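Spelled out, the chains give:
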Amino acid sequence: KRKEIQRLGVENGLDARLFHQAFISFRKYIMESSSVSADLHIILNDICCGAGHVDDLFPFFLRHAKQIFPMLDCMDDLRKISDLRLPPNWYPDARAIQRKIIFHAGPTNSGKTYHAIQRFLSAKSGIYCGPLKLLAHEIFQKSNDANVPCDLVTGEERVFANEDARQAPHVACTIEMCSTNTPYEVAVIDEIQMIRDPARGWAWTRALLGLCAEEIHVCGEPAAIDLVTELMYTTGEEVEVRNYKRLTPLTVLDYPLESLDNLRPGDCIVCFSKNDIYSVSRQIEARGLECAVIYGSLPPGTKLEQAKKFNDPDDPCKILVATDAIGMGLNLCIRRIIFNSIVKPTVNEKGEKEIDSITTSQALQIAGRAGRFGSSFKQGEVTAMHRDDLVRLREILGEAVPPVRVRASVPGYTAVPWAALWYSDPKLFCLLSDIFVSLSQVDGMYFVCNIDDFKFIADMIQHIPLNLRSRYVFCTAPLNRKEPFVCTTLLKFARQFSRNEPLTFDWLCRHTKWPLAAPKNIKELIHLEAVHDVFDLYLWLSYRFLDMFPDAVLVRDIQKKLDDIIQIGVCNITKLIRASQSAAAPGTAEVVPEDFPLSKDARVVSGRQGAASTEALSIAVEAAGLRRARSSRPSRLGSRQEDLKSYGRGSLANRLLREGLLTQEMLRQLESEWQDQHRNGRYGIGSKRDDQHSSKETRKKRK
Ligand SMILES: Nc1ncnc2c1ncn2[C@@H]1O[C@H](COP(=O)(O)OP(=O)(O)OP(=O)(O)O)[C@@H](O)[C@H]1O
Ligand SMILES: [Mg+2]
């Protein structure tokens, strides 16, 4: 436990985790071996007799640690392969040409993407890299409609414009899938400010540094101009900035919506939790209005259908309830954005859950969906549901977006398998990913991206015998970690794969109990979404292991059918909520956990980088200055948390208060009545506690 010994450990490559494991193993070795080595025996004897010091054990401890962790002998070599200081040099093809970088900067709805796409369409060849499947889809469609044959590439999908599956000169893809080896005349990198994203930012850094195109059109917030210029300084490329202004006015209203009775056609209510989506849509339908629903974990087909329904002037559905899944680049016919709340649950870089006010950048992105140019609304409006949120929202929207300053970009997990290769031990694979992160040397401009998902899968499949490449590919699969059914399926895929038994369509149908019926309640709807993710996972793996996942065509077919079934569920969402609530025990009105995986949007919609690529996966990143300026908005958050605490019943009480069904006075009264009854043991819980208490007493007495 002494600091000096820990320091000695670190000098020899034993960080706290390895030190602890080596210590347990060393102690076990000494305590449980029938005979320890002679030299160690003598030292132990000396220590026991007072002739030696306990520190004398350190060389033996280290010798033991090196036996169980052989990589400790190669720390210098590991350090070398973790040297990530010159990301621009990972892309020799891009460095061999002089690229022209054009930055289309401006607020939302200013025509940035439009202008970049005009150039893309007029070029002989081009690649569009977007953050969402839906955006890639939109460009794929636009291009083909304009008679410019364009393919679509996402993690799980390849659609060829040419019937004979010949590659078209144009391609629209999710950014993780872009090729840095194929030459293009024009490349478009959309939503460049995503480079700050701790989990996906690496894909933007990689595209920016590595795309092999004569012209690179970058679209995004002006706050990212400095960063792009700085990065391009290291590659010796100049950046031309083209500034745009919003094409239609956007007004922040000075009154909140206050009640859903005040909804008007073209309104979109933005929620940050699935529960709120369900609750709001139910209340809207209770008022006899139809609404469309879009949230991240819905399949793309359902999202598109819901968007189409809302956009269709002849459809009676004129209200949209959505999460910030609509926040990036999408063109919807929205007149007014109404923030149902301005706090959003997130997972920080350490994997901890946080609730924080939305950032200015997020608020602008979402608000920017109102009054899109070319839609039926010539101007946009934005407000909040509640007065106090509106005050805060005005402040957030008024703040300047802090400049995006990149601090890191590193080959993500690629160095890990190289290192593991040296030792060929699957158990080391997980440990090595940690060591890699701690050893990696980065330039001051970059830092290593979050590889938690990679590590999660590495741990999960650790015991399954797989060769290195397969293990690596499995570890990079797009997995929704929060959905146990998807996780266990990945495990089953890996197990069957390791036995060399192909994962057939029949197997998948048996496992998912396909064919599935329309959902009868919200729980079933969520399960169907998870099955959709499982099909995505299958398709993703089928592109990497064609022989072991041979039935992609059939799976794509049933996935489309499932998409339709989910759509039916979403259309009947109110009925599903009612069914869920009547089935739930009294007092358990929650239909899904509050922390539904918002982050999944990105994972599921984008897929991941083809793992077979040996090219360094770079990871981008955000600077310290970029982190949410939490300190700048503690007051509202603080009071919100206080509110929640003082309401003491979590979101149900909060919601009842908001809907005016409860007043604070009534809540206080209920609370004191409940406590009285509790004290008098009139409730089940109370009497149970009393039972426990009395049995404890009895036990005490007996003792
Ligand atoms: N000059 C133009 N002529 C015709 N339509 C245009 C023009 N400029 C923009 N549009 C249309 O206006 C809408 C908004 O433009 P665009 O999507 O390019 O905005 P953006 O600045 O990229 O917004 P965001 O930041 O939300 O991605 C799109 O439907 C686009 O087709
Ligand atoms: Mg855009």
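Analysis parameters
For every chain, the first residue of its written sequence is number 1, and the numbers climb from 1 along that sequence. The order in which chains are written sets their letters, starting at A; the order in which ligands are written sets their numbers, starting at 1. Side-chain atom pairs in this predicted model are given and counted only at pLDDT of 80 or more, local residue features only at pLDDT of at least 70, and totals for whole chains, interfaces and linings cover all residues. Water and hydrogen atoms play no part in the side-chain values, which are based on all heavy atoms of the structure. Under the scheme used here, helices are H or I runs from DSSP no shorter than 4 residues and strands are E runs no shorter than 2 residues, and both carry numbers assigned from the N terminus. Burial here depends on accessible area, computed with a 1.4 Å probe over protein chains only, as a share of the maximum for the residue type. Under 20% is buried, over 50% is exposed, and the range in between is partly exposed. Any pair of residues with heavy atoms lying within 4.5 Å of one another is described as a contacting pair. Exposure was quantified through the Shrake-Rupley algorithm and a 1.4 Å probe, taking into account, for residues, occlusion by the shown protein chains and nothing else. Only Phe, Tyr and Trp rings take part, Trp by its six-membered ring, and two of them pair if their centres are within 6.5 Å. Stacked means planes under 30 degrees apart, edge-to-face means over 60, and tilted covers everything else. Either the NZ atom of lysine or the CZ atom of arginine qualifies as a charge over a ring when it sits within 6 Å of the ring centre and within 35 degrees of the ring normal. Here a residue is considered near a molecule or strand provided that any single heavy atom belonging to it is located within 4 Å of it. Pairing of N or O atoms within 3.5 Å defines a polar contact, subject to two protein rules: one partner must be a possible hydrogen donor and the other a possible acceptor, and residues neighboring in sequence count only if both atoms are side-chain atoms. Gly falls in the polar group here, along with every residue not listed as nonpolar (Ala, Val, Leu, Ile, Met, Phe, Trp, Tyr, Cys, Pro) or charged (Asp, Glu, Lys, Arg). When DSSP locates at least two bridges between a pair of strands, those strands are taken to pair. Interaxial angles span 0 to 180 degrees and are taken between N-to-C directions of axes, which are lines fitted to C-alpha atoms, for helices over the stretch in contact. pLDDT is a residue-level measure of predictor confidence that goes from 0 to 100. We place a 1 Å grid over just the protein atoms. Points where a 1.4 Å probe fits but has no way out form a cavity, open points with protein on both sides within 12 Å along at least 5 of 7 lines form a pocket, and any residue with an atom within 4 Å of a point lines it. Grid points are joined across faces, edges and corners, and a volume is the space filled by probe spheres set on the points. A pair is scored as a salt bridge if a Lys or Arg side-chain nitrogen falls within 4 Å of a carboxyl oxygen belonging to Asp or Glu. Under this rule, positive means Lys or Arg and negative means Asp or Glu; His and the chain ends count for nothing. Given a helix with a known number of residues, its expected span is that number minus one, times 1.5 Å. Within this analysis, the arc is defined by the directions that extend from the helix axis to the C-beta atoms.

### Looking at the overall build of the protein chain
Helix and strand counts for the protein chain stand at 28 helices and 18 strands. A total of 703 residues make up the protein chain; the buried ones form 54% of that total. When contacts within the protein chain are restricted to residue pairs at least 6 apart in sequence, long-range pairs at least 24 apart make up 76% of them. In the structure as shown, the protein chain presents an accessible area of about 31900 Å², 54% of it carried by carbon and sulfur atoms.

### Section: the packing of aromatic side chains
Enumeration over the complete set of coordinates arrives at 15 aromatic pairs. Taking the centre distance of 5.1 Å and the plane angle of 50 degrees together, the rings of Phe19 and Phe61 count as tilted. You can see Phe19 sitting in helix 2 (residues 16-32) and its partner Phe61 sitting in helix 4 (residues 58-68), a full 42 residues away along the chain. The burial state of Phe19 is the same as that of Phe61; both residues are buried. Connected via pairs of aromatic rings, a cluster forms that spans Phe474, Phe493, Phe497, Trp507, Tyr538, Phe545 and Phe549. One residue, Arg544, lies across the ring of Trp540, its end atom 3.8 Å from the ring centre.

### Section: unusual backbone geometry
Between Trp514 and Pro515 the backbone carries a cis peptide bond, its omega angle lying at 5 degrees. Position of Pro515 relative to the elements: it lies in the loop between helix 20 (505-512) and helix 21 (522-544). Of note, Asn147 is a non-glycine position whose phi angle comes to about 60 degrees, a positive value. Secondary-structure assignment places Asn147 in the loop between helix 8 (133-145) and strand 4 (150-154).

### Focus on the site of ligand 1
Around ligand 1, the surrounding shell holds 16 residues, and the nearest of these are Lys112, Thr113, Tyr114, Arg369 and Arg372. A distance of 3.1 Å separates an oxygen atom of ligand 1 from a polar backbone atom of Gly111. With the chains in place, 81% of the 620 Å² that ligand 1 exposes on its own is no longer accessible. If one sorts the elements of the shell around ligand 1 by residue count, helix 7 (residues 112-122) sits on top with three residues. Its residues assigned to classes, the shell around ligand 1 shows four nonpolar, seven polar and five charged.

### Structural notes on the sheet that holds strand 12 (residues 291-294)
What the six strands build is an open sheet, ordered 10-17-14-11-13-12; its pairing is parallel. Each end of this open sheet is capped by a strand with a single partner; those strands are strand 10 (250-252) and strand 12. In this sheet, adjacent strand axes meet at a mean angle of 20 degrees when their direction is disregarded. Pairing of strand 11 (residues 267-270) with strand 14 (residues 336-339), which is carried by four bridges, proceeds in the parallel orientation.

### Side note on the environment of Ala168
Position of Ala168 relative to the elements: it lies in the loop between strand 5 (157-159) and strand 6 (170-174). Residue class for Ala168 comes out buried when judged on its relative accessible area of 9%. Taking the C-alpha atoms as reference, Ala168 lies 6.0 Å from Asp151; in sequence the two are 17 residues apart. Apart from the residues within four sequence positions on either side, Ala168 is in contact with Pro149, Cys150, Asp151, Ala161 and Asn162.

### Things to note about the pairing of strand 7 (residues 184-189)
Of all six residues making up strand 7, six are buried, and the element is well covered by its neighbours. Note that strand 3 (residues 126-130) and strand 7 share four bridges and pair parallel. Considered in strand 7, the bridge of Gly126 is made with Val186. In terms of strand pairing, strand 7 meets strand 8 (residues 213-220) through five bridges, oriented parallel. Paired with Val186 across the two strands is Glu215, which belongs to strand 8.

### Some remarks on the confidence of the model for the protein chain
When pLDDT is averaged along the protein chain, the result is 79; 75% of the residues meet or exceed 70. Here helix 24 (residues 600-606) stands out as the element of the protein chain with the lowest mean pLDDT, 33, in contrast to strand 7, whose mean of 98 is the highest. In the model, residues 407-411 has pLDDT below 50 throughout and makes 44 contacts with residues more than four positions away in sequence or in other chains. Contacts of residues 682-703 to residues separated by more than four positions or lying in other chains number seven contacts, the stretch itself having pLDDT below 50.

### Here we look at the sheet that holds strand 9 (residues 239-243)
Judged by pairing direction, the sheet is mixed, and its eight strands sit side by side in the order 5-4-6-3-7-8-2-9 without closing on themselves. For this open sheet the edge positions go to strand 5 and strand 9, each flanked by a neighbour on one side alone. The sheet shows a mean angle of 15 degrees between the axes of neighbouring strands, taken without regard to direction. In terms of strand pairing, strand 2 (residues 100-105) meets strand 9 through five bridges, oriented parallel. From the neighbouring strand, His104 faces strand 9, where its bridge partner is Arg242.

### Considering the layout of surface pockets
Its boundaries defined by the atoms lining it, the second largest pocket holds a volume of some 860 Å³. Around the second largest pocket, the lining is made up of 42 residues, and of these Thr108, Asn109, Ser110, Gly111 and Arg372 lie nearest the centre. Listed by contribution, the elements that provide at least two residues to the lining of the second largest pocket are helix 7, helix 8, strand 10 and helix 13 (360-367). Its residues assigned to classes, the lining of the second largest pocket shows 16 nonpolar, 17 polar and nine charged.

### Some thoughts on the pattern of salt bridges
Using the criterion set out here, one finds 27 salt bridges in the structure. Its salt-bridge partner being Arg166, residue Asp164 comes within 3.0 Å of it at the nearest N-O pair. Two residues, Arg287 and Asp261, come together in a salt bridge whose shortest N-O distance is 2.6 Å. Pair noted here: Arg287 is in the loop between helix 11 (274-286) and strand 12 and Asp261 is in the loop between strand 10 and strand 11, with a separation of 26 residues, a long-range link. In this structure, a network of salt bridges that share partners links the residues Arg119, Lys124, Glu185 and Glu215.

### Looking at the side chain of Arg369
Inspection of the secondary structure puts Arg369 in the loop between helix 13 and strand 17 (380-384). One buried charge, Arg369, has no salt-bridge partner; the nearest side chain with opposite charge is Glu191, at 5.5 Å. Separated by 3.0 Å, the side chain of Arg369 and the backbone oxygen of Gln365 make a polar contact.

### A few points about helix 14 (residues 387-398)
Between its terminal C-alpha atoms helix 14 stretches 17 Å, which fits the 16 Å expected from 12 residues at 1.5 Å a residue. Considered for burial, the residues of helix 14 that qualify are Asp389, Leu390, Arg392, Leu393, Ile396 and Leu397. End-on view of helix 14: buried residues confined to an arc of 165 degrees, all on one side of the axis.

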